[in-house]
Amino acid sequence: MNARLSPGMKTLLGTVLAQFALGSVYTWSLFNAPLAAQLNEPVSQVAFTFGIMTLALALASSVSGHLQARFGVRRVTIGAGLLLGASLALTSVVSQLWLLYLTAGLLIGLADGTGYLMTLSNCVRFFPKNKGLASACAIGAYGLGSLGFKYINLYFLAAGGAALSFQMWAVLACVMVVIGGALMHDAPQQKAATNASETDAPADYRLSDCFKTPQFWLLATVFVTICMSGLYVIGVAKDVGELYVHLDAATAAEAVAIIALANLGGRLVLGVLSDRMARSKVVGLALLVCAAGVGMLRFMPLDQYSFYLSVACVAFSFGGAITVFPTLVSDYFGMNHLSQNYGFIYLGFGVGSFMGSVIAALFGGFVAAFSVMLVMIALSLCIAFTIQAPKRDNQAVNHSWQLESSTH
């Protein structure tokens, strides 16, 4: 059966398999308490590992396109899988906090980031007429991986503790990413527009060209807003439930499963919708849903179910928006340099993951963070509903791209 599949379909299957394993890093909160007891460190210090991980993930994502251009998607993905497995295995035997930061924070983040954005961008380029659907399948698998590995890791935590769980996680994730990488092919170069009449093919901007357009920086601002609101709320949902809504620990913890399902739903629903309407407007819709969720957290007296609804809105928005964003960037700046162009914007993932926590620490906790988020969401809504694709100076932009291509 495998021999009859096209390179694009093989790549899609491989990408879904690899993304499922790469999404497993979002189960990290399961290990904070066991590792804190094992290392005799405060939970807050252990939890900081995830902040390092997300920052390393964003940095690796920003350069993964350059690695693909040199070594090919298959080799880089297999290398990322091997590094992920080795990093998880090393984490199972750490005995000091700084080693945890190194193995679980830095190395796992670098491995995950190297595989995530590169495989996604490569897969989307195989399906130029169904970019939203392809992105939804790939990023949906990433979100589903966090849910699937939650139960896998919980099982091994109960059976043998953190060490066994990390060891089994290492084997499963490594095998899945390596097999997924072996199925992948590098996407062919897409034809760039050469005159203004080719309205379906945007000019191919290199990253240096993107820097010169205001649209690139406006999209980056929107992306930081989405990541700040989504990652902060997802990261502190259980704490908000206990400390802010006054739920018991078990009831507040149910928010984790609700977030995972809403995140996946947003990826699938908005990803498919983005093939049927302007993607900037889909991002605007996601921001409206996010505003509703954060507004409820900020202004409403919450009970159990309104709390679940509020965090579900934020998770739905976050999952859907980051699914649509790669294809939105390709709409504005072309397909052939998508890994590099979106990779730079994806640095906002790391920036956003820290901003919410920093704002909360500096200005008084959850309420201050939610207030700043609402201001940034309002600004980003204005951008999303008014932004237009850059005017195509195809002759200049594509000439530089063609010169670059002719050297290979």
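Scoring rules and cut-offs
Going along each chain's sequence as written, the residues are numbered from 1 onward. Side-chain atom pairs in this predicted model are given and counted only at pLDDT of 80 or more, local residue features only at pLDDT of at least 70, and totals for whole chains, interfaces and linings cover all residues. Working from all heavy atoms in the structure, the side-chain values ignore hydrogens and water. Under the scheme used here, helices are H or I runs from DSSP no shorter than 4 residues and strands are E runs no shorter than 2 residues, and both carry numbers assigned from the N terminus. Note on method: radius of gyration uses C-alpha positions; expected globular size equals 2.2 Å times residues raised to 0.38. Only protein chains enter the accessibility calculation, which uses a 1.4 Å probe; a residue is then buried when its area is under 20% of its type maximum, exposed when over 50%, and partly exposed in between. Contact criterion: two residues are considered in contact whenever any of their non-hydrogen atoms come within 4.5 Å of each other. With a 1 Å grid spanning the protein atoms alone, the term cavity applies to any set of points in which a 1.4 Å probe fits but cannot get out, the term pocket to an open set with protein on both sides within 12 Å along at least five of seven lines, and the term lining residue to any residue with an atom within 4 Å of a point. Grid points are joined across faces, edges and corners, and a volume is the space filled by probe spheres set on the points. Asp, Glu, Lys and Arg are counted as charged, while Ala, Val, Leu, Ile, Met, Phe, Trp, Tyr, Cys and Pro are counted as nonpolar; the rest, among them Gly, fall into the polar class. Surface patches are defined over residues having more than 30% relative accessible area and no salt bridge, joining like charges when they lie within 9 Å and nonpolar side chains (Val, Leu, Ile, Met, Phe, Trp, Tyr) when within 5 Å. Method for areas: the Shrake-Rupley scheme with a 1.4 Å probe, in which residue coverage is limited to the protein chains shown. A pair is scored as a salt bridge if a Lys or Arg side-chain nitrogen falls within 4 Å of a carboxyl oxygen belonging to Asp or Glu. Helices are assigned an expected span. That span is 1.5 Å times one less than the residue count. Fitting one axis to the seven residues ending at a residue and another to the seven starting there, the bend at that residue is the angle between the two axes. The term polar contact refers here to a pair of N or O atoms within 3.5 Å; inside protein, the definition further demands a hydrogen-donor-capable atom paired with an acceptor-capable atom, and it admits residues adjacent in sequence only when both atoms are side-chain atoms. The pairing test for Phe, Tyr and Trp rings, Trp by its six-membered ring, is centres within 6.5 Å, and the orientation test on the planes gives stacked under 30 degrees, edge-to-face over 60, and tilted for anything in between. Note on terminology: disulfide denotes any pair of cysteine sulfur atoms within 2.5 Å.

K.L.:
Talk me through the overall build of the protein chain; I want residue IDs and the actual numbers.
P.N.:
A count of helices and strands for the protein chain gives 15 helices and 0 strands. In summary, the protein chain has a C-alpha radius of gyration of 21 Å against a globular reference of 22 Å for 408 residues, a match within 12%. Within the protein chain, buried positions represent 56% of all 408 residues. A separation of at least 24 residues holds for 84% of the contacts in the protein chain among residues at least 6 apart in sequence.

K.L.:
Got a sec to walk through empty space enclosed by the protein? Specific residues and values, please.
P.N.:
In the structure shown here, the tally under the stated rule is 2 cavities of 30 Å³ or more. Taken as a whole, the largest cavity spans an internal volume of roughly 40 Å³. Among the elements of the structure, α8 (214–244), α10 (279–299) and α11 (304–333) are those that each provide at least two residues to the lining of the largest cavity. Looking at side-chain class alone, the lining of the largest cavity contains 7 nonpolar, 1 polar and no charged residues.

K.L.:
Break down the side chain of Thr103 for me, citing the residues and quoting the values.
P.N.:
Tracing the sequence through the fold places Thr103 in helix α5 (residues 97–125). Leaving out residues up to four positions away in the same chain, Thr103 has contacts with Ser87, Leu90, Thr91, Val94 and Ile108.

K.L.:
Which residues make up a nonpolar patch on the surface, and what values do they have?
P.N.:
Judged by side-chain polarity, Val63, Leu67 and Phe71 come together as a nonpolar surface patch covering roughly 230 Å² of accessible area. Structurally, Leu67 can be placed in helix α3 (residues 43–71).

K.L.:
Let's hear about the side chain of Asn341: which residues, and what values?
P.N.:
Of note, Asn341 is situated in helix α12 (residues 338–345). For Asn341, a relative accessible area of 0% corresponds to the buried category.

K.L.:
Go over α11, please, and point to the residues and values.
P.N.:
With 30 residues, α11 extends 44 Å from end C-alpha to end C-alpha; this agrees with the ideal 44 Å at 1.5 Å per step. Approximately 30° is the largest bend angle found in α11, and it occurs at Phe325, with the proline Pro326 only one to four residues beyond. When you tally the buried positions in α11, you get 25 out of 30 residues, the bulk of the element. Among the residues of α11, the N-terminal cap falls to Asp303, whose side-chain oxygen and the backbone nitrogen of Tyr305 are separated by 3.2 Å. Backbone geometry just after α11 places Gly334 at a positive phi near 90°.

K.L.:
Break down α3 for me, citing the residues and quoting the values.
P.N.:
Relative to the 42 Å expected for 29 residues at 1.5 Å per residue, α3 spans 40 Å between its end C-alpha atoms, a close match to the ideal helical length. Helix geometry: α3 is bent most strongly at Val63, by close to 40°.

K.L.:
Help me get a handle on the packing of aromatic side chains, residues and values and all.
P.N.:
In this structure the tally under the stated criterion is 29 aromatic pairs. Each ring, one from Tyr116 and one from Tyr142, has its centre 4.5 Å from the other, and the planes form 45°; the classification is tilted. With Tyr116 in helix α5 and Tyr142 in helix α6 (residues 131–183), the pair connects residues that are 26 residues apart, well separated along the chain. We classify Tyr116 as buried; its relative accessible area is 1%. Pairwise contacts between aromatic rings join Tyr26, Phe50, Tyr116, Tyr142, Phe223, Phe325, Tyr342, Tyr346 and Phe349 into one cluster.

K.L.:
Help me get a handle on the environment of Phe325, residues and values and all.
P.N.:
Take Phe325: it is sitting in helix α11. Exposure remark for Phe325: the relative accessible area of 0% places this residue in the buried category. Spatially, the C-alpha atoms of Phe325 and Phe370 are 23 Å apart, while their sequence positions differ by 45 residues. Excluding its chain neighbours within four sequence positions, the residues that come into contact with Phe325 are Leu219, Val222, Phe223, Ile226, Val283, Tyr342 and Ile345.

K.L.:
Outline the layout of surface pockets, listing residues and values.
P.N.:
If a probe the size of a water molecule is rolled over the atoms, the empty space left behind becomes visible. Computed from the structure, the largest pocket encloses a volume of approximately 1600 Å³. Lining the largest pocket are 46 residues, with Ser29, Asn32, Ile234, Gly235 and Val236 sitting closest to its centre. Breaking the lining of the largest pocket down by element, the ones donating at least two residues are α2 (32–39), α3, α6, α8, α9 (249–273), α11 and α13 (347–363). Looking at which element gives the most residues to the lining of the largest pocket, the answer is α8, with 9 residues.

K.L.:
Outline unusual backbone geometry, listing residues and values.
P.N.:
Not every positive phi belongs to a glycine, and Asn40 is a case in point at roughly 60°. Among the secondary structure elements, Asn40 is positioned in the loop between α2 and α3.

K.L.:
I'd like to hear about the state of the cysteines, residue by residue, with values.
P.N.:
As used here, a disulfide is simply a covalent bond connecting the sulfur atoms of two cysteines. Taken as a whole and judged by the stated rule, the model has 0 disulfides. Cysteine Cys210 is unpaired, with the sulfur of Cys227 as its nearest cysteine sulfur at 18 Å. Given a relative accessible area of 0%, Cys210 falls into the buried group. Looking at Cys313, it has no disulfide partner, and the nearest cysteine sulfur is the one in Cys290, 8.9 Å off.

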